[in-house]
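Geometric and topological summary
Residue-level listing of the chains:
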Amino acid sequence: MDVDLVLIADAATIDGSGKLNLLGVFDQISVARFPARHGRLSLVLRFLGGANDAGTHKLTIKLASPSGKEIVSLSGELKVAPSPASLQTGIRVPHVINLDGIVFQEAGIHTFHVLVNGRHQATLPLTIVSRNLDAVVT
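In this text the structure is predicted, and so the values were computed from the model without any measurement.

Reading the values: the criteria
- Residues numbered from 1 in each chain as written.
- Predicted model: local features only at pLDDT ≥ 70, side-chain atom pairs only at ≥ 80, totals over all residues.
- Heavy atoms only, no water.
- Pairing = 2+ DSSP bridges.
- Helix = DSSP H or I, 4+ residues; strand = E, 2+ residues; numbered from the N terminus.
- Axes fitted to C-alpha atoms, helices over the stretch in contact; angles between N-to-C directions.
- Buried < 20%, exposed > 50% of the residue type's maximum accessible area, 1.4 Å probe, protein only.
- pLDDT = per-residue confidence, 0-100.

Turning to the sheet that holds strand 9 (residues 119-130), a few remarks are in order. Strand order in this open sheet of 5 strands is 3-9-8-5-6, and the pairing throughout is mixed. The strands lining the two open edges of the sheet, one partner per strand, are strand 3 (28-31) and strand 6 (70-80). Averaged over all adjacent pairs, the angle separating strand axes in this sheet is 20°, with direction ignored. Note that strand 8 (residues 108-116) and strand 9 share 9 bridges and pair antiparallel. Paired with phenylalanine 112 across the bridge in strand 9 is leucine 124.

Right, here's the structure in full:
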């Protein structure tokens with residue numbers, strides 16, 4: 001299984017037909033101070049494979065800070081079943097992971113790492129910037 005789409009959004013859903021719906025795609029969060037708690041973000045993934053990828057795969061997602069500290073580590077199983085259409089186009093499996101209340105301790109580029117069966121498949125940067133509220137003129 002490969003990852004052919006990875007992004008962060010304010011919200012994402014997958015409807016009954018498998019269509020992915022996204023709201024507010026972003027790659028940067030501005031915060032007033034540290035530590036900073038972010039209410040919710042949706043990590044959106046789409047896996048791509050062939051008929052021989054049918055079955056169960058181990059999925060691991062990690063979020064690391066700029067200093068290398070692990071902030072989030074998730075593991076689970078991805079169950080993949082082929083459909084008649086997938087024999088022609090390949091298997092595409094959308095997946096949404098809602099992450100609530102992540103606390104960022106520092107500014108800089110934080111990095112999501114996606115592994116399938118222990119093999120690195122995708123990296124997604126998320127930049128956390130500090131905004132200086134004292135500089136804002138009202």
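Right, let's talk about unusual backbone geometry for a bit. Residue proline 35 follows phenylalanine 34 across a cis peptide bond; omega there is -5°. As for its placement among the helices and strands, proline 35 is situated in the loop between strand 3 and strand 4 (36-49). Its identity is not glycine, yet asparagine 117 carries a phi of approximately 55°, on the positive side. Within the secondary structure layout, asparagine 117 lies in the loop between strand 8 and strand 9.

One open sheet holds the 4 strands; their spatial order is 2-1-4-7, and the pairing between them is antiparallel. Unpaired on one side and paired on the other, strand 2 (20-26) and strand 7 (91-104) mark the two borders of the sheet. The mean angle between the axes of side-by-side strands here comes to 45°, regardless of whether they run parallel or antiparallel. Taken together, the 6 bridges between strand 1 (residues 2-14) and strand 2 define a ladder with antiparallel strand orientation. When the sheet's bridge partners are listed, alanine 9 is paired in strand 2 with valine 25.

Turning our attention to the environment of glutamine 105. Inspection of the secondary structure puts glutamine 105 in the loop between strand 7 and strand 8. We classify glutamine 105 as partly exposed; its relative accessible area is 46%. The spatial distance from the C-alpha of glutamine 105 to the C-alpha of proline 66 is 9.9 Å, given a sequence separation of 39 residues.

Of the residues in the chain, 93% have a pLDDT of 70 or more, and the chain-wide mean is 92. In the model of the chain, helix 1 (residues 86-89) stands out as the element of lowest mean pLDDT, 68, in contrast to strand 8, which has the highest, 98.

It is worth spelling out the pairing of strand 9 at this point. Sheet topology places strand 3 next to strand 9; 4 bridges connect them, and they run parallel. Paired with glutamine 28 across the strands is threonine 127, a residue of strand 9. Adjacent in sequence and paired antiparallel, strand 8 and strand 9 are bridged by 2 residues, among which asparagine 117 carries a positive phi angle near 55°.

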